[in-house]
Amino acid sequence: VNICCVGDDDQSIYGWRGAEVDNILRFDKDFPGATIIRLERNYRSTAHILGTASHLIAHNEGRFGKTLFTEKVAEDDEKVHVHAAWDSEEEARAVGETIEAYQRQKHNLNDMAILVRASFQMREFEDRFVTLGLNYRVIGGPRFYERLEIRDALAFFRVVAQGADDLAFERIVNVPKRGLGEATIRQIHDTARALRIPMLEAAAKLAESDELKPKPRAALREVSANFERWQKTLETTPHTELAETILEESGYTDMWKNDRSVEAPGRLENLKELIRSMEEYESLRSFLEHVALVMDAEQNAELDAVNIMTLHSAKGLEFETVFLPGWEEGLFPHQRALDEGGRSGLEEERRLAYVGLTRAKKNLHLWFVSNRRIHGLWQSTIPSRFLDELPEAHVEVAESGNSYGGYGNSYGGGSFASGRGGQGAGRQNPYGASRFDNVGAEKSGAFSNTYATPGWQRAQQNRTEATDRNWGSRSGHQVERIGYGETDSGYGAGRTSIKGRTIDGELVAKSVADTPSAFNVGDRVFHQKFGNGNISAIDGNKLTIDFDKAGQKRVLDGFVTGV
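Residues numbered from 1 in each chain as written. Predicted model: local features only at pLDDT ≥ 70, side-chain atom pairs only at ≥ 80, totals over all residues. Heavy atoms only, no water.

## Examining the overall build of the chain
When you go through the chain residue by residue, the secondary structure sums to 18 helices and 14 strands. By the burial criterion, 53% of the 563 residues in the chain qualify as buried. Accessible area for the chain stands at about 25,900 Å²; split by element, carbon and sulfur atoms hold 48% of it. (Helix = DSSP H or I, 4+ residues; strand = E, 2+ residues; numbered from the N terminus. Buried < 20%, exposed > 50% of the residue type's maximum accessible area, 1.4 Å probe, protein only. Areas by Shrake-Rupley, 256 points an atom, 1.4 Å probe, with all protein chains shown as cover.)

Next comes the structure, spelled out in structure tokens:
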């Protein structure tokens, strides 16, 4: 019996579903004498894209190894572009502008794709494209506001904002499970119709009557009391704070925290992103109006539209132009993959990056940001280690002019050393030297950190050896971990691994200093984004500040100055 297996060990990305790359790696051992035939000629991508992908995946140990090549070599082929942005909002804005530029050059939107590591990243792009009037489609899953957990949360908010919204009430009256069956819901519906009142009001009346059994009656009484309490605070409580309260007090957040399915962590991330997105609007009602506008955006399969999907959904697809946002430590590679998989988790994340790179045929753009909103807090991020593994010969750092004043006159658009000490830090970089630190020195260091923003300069001035140590070190050395966007990753931050190249988990960032903050409660301070405010509480180097216009925020002390 002859057996022939076809597969790519560099594209095994479904370990979380039970797939094992070892199945193909040990094939020649399971079947002694097997012949391995490498299919190395590529008919899709340019030489620069193939060179970038090959150089990156070569850092994996668990692979057969191959050298991709193409015969379609042209001198005018674009290199792989690497861009930096201040935050995810600027990232989405810049990607939108680049897409519009391609569109003006007669490129079809259907031939462009944005591939994200986590589904919560889609929201920023969806909102931006609605603002621009740019057609888009989400592949491999629903759009952000169509996801189950988002629709549930929005249903809670709609009932609070408009108690007569019967469709929203009917969706969440038994979410989480409260023991309200179809018969009870039908009775609420019939009562509402008979009395010509909203279902929420009908539920309150039934809760005070003897028409229901004790258990459903008690459940309805709790539901009615909850909505009455939330509605009373609608005009007096900041809408983001109210939204968090609703999800917490309803038990909806706990429902997903206790869920052991593979999707649960992603759903929690999406809920956090939903709350974060609400801060851009004046009130809960104005936010709900925006969502209604986004949901009205036409989804037509025949429409010329930008494709948005996760990297996992992109396997097997190809596009003329590909955008890969969010290349930051903790997001990509994802901290959860590192925590749960160690070295094998890191290698699977690198394979996922390889898949993303090789989806592009002609144009490839990578993005990382300096700040992300996590748990409602602005946190500094550092570029993904994968960026440091890209070959100089095939990569070009894009020039970056942005609404925050740019990253320096000769920034060059990339700062692979940002957050790692860089050249200007004056001390050894604890994360590990980057091969890009000295590239472009004749242009004042295209890859070195020349940020010109006041916030970055203040952060650099306030750097200490303790805060530097929090950035950890490179693979195979002592590392510290903290869950990305989670107050407790469940694995205990600070576990280390020092054996050879065994990686027990890699660093993201840690916003805890060993030295007390230089500020005191009551101090008047200035933050570049939020303006002036007074410090109301201090926890290590994290300050709780009551800003004059932005409300209460928690920020790192390195990003504020005394007034």
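## Description of the nonpolar core
Ile99, Ile114 and Phe157 are the most contacted members of the largest nonpolar core, which has 73 residues in total. Per-element tally for this core: the top contributor is helix α6 (residues 148-161), with 9 residues. Composition of this core by domain shows at least three residues from each of domain 1 (41-142 + 298-399) and domain 2 (145-261). Not counting chain neighbours up to four residues away, the residues in contact with Ile99 comprise Leu109, Met112, Ile114, Phe129, Leu134, Val306 and Phe323. One finds Ile13, Leu68, Ala113 and Ala360 within the second-largest nonpolar core, a separate group that totals 36 residues. (Core = buried A, V, L, I, M, F, W, Y, C linked by side-chain atoms within 4.5 Å. Domains from an automatic or database assignment. Contact = heavy atoms within 4.5 Å.)

## Some thoughts on the packing of α6 against helix α13 (residues 264-278)
Running from amino to carboxyl end, α6 crosses α13 at an angle of 45 degrees, the nearest separation of the two axes being 9 Å. Relative to α13, the element α6 is oriented oblique. Helix-helix and strand crossings are classified by hand; for α6 and α13 the assignment is right-handed. Contacts between α6 and α13 involve Leu148, Glu149, Ile150, Ala153, Leu154 and Phe157 on the former and, on the latter, Arg267, Asn270, Leu271, Leu274, Ile275 and Met278. A per-class count over the contact of α6 with α13 returns 9 nonpolar, 1 polar and 2 charged. (Axes fitted to C-alpha atoms, helices over the stretch in contact; angles between N-to-C directions. Parallel < 35°, antiparallel > 145°, perpendicular 65-115°, else oblique. Left-handed = near helix turned anticlockwise from the far one by under 90°. Nonpolar A, V, L, I, M, F, W, Y, C, P; charged D, E, K, R; others polar.)

## Here's the deal with a nonpolar patch on the surface
Taken together, Val1, Ile3 and Phe31 make up a surface patch of nonpolar side chains, about 360 Å² in accessible area. Mapped onto the elements of the fold, Phe31 is located in the loop between α2 (27-30) and α3 (47-57). Judged by relative accessible area, which is 37%, Phe31 ranks as partly exposed. (Patch = residues over 30% accessible without salt bridge, like charges linked within 9 Å, V, L, I, M, F, W, Y side chains within 5 Å. Salt bridge = Lys/Arg side-chain N within 4 Å of Asp/Glu carboxyl O.)

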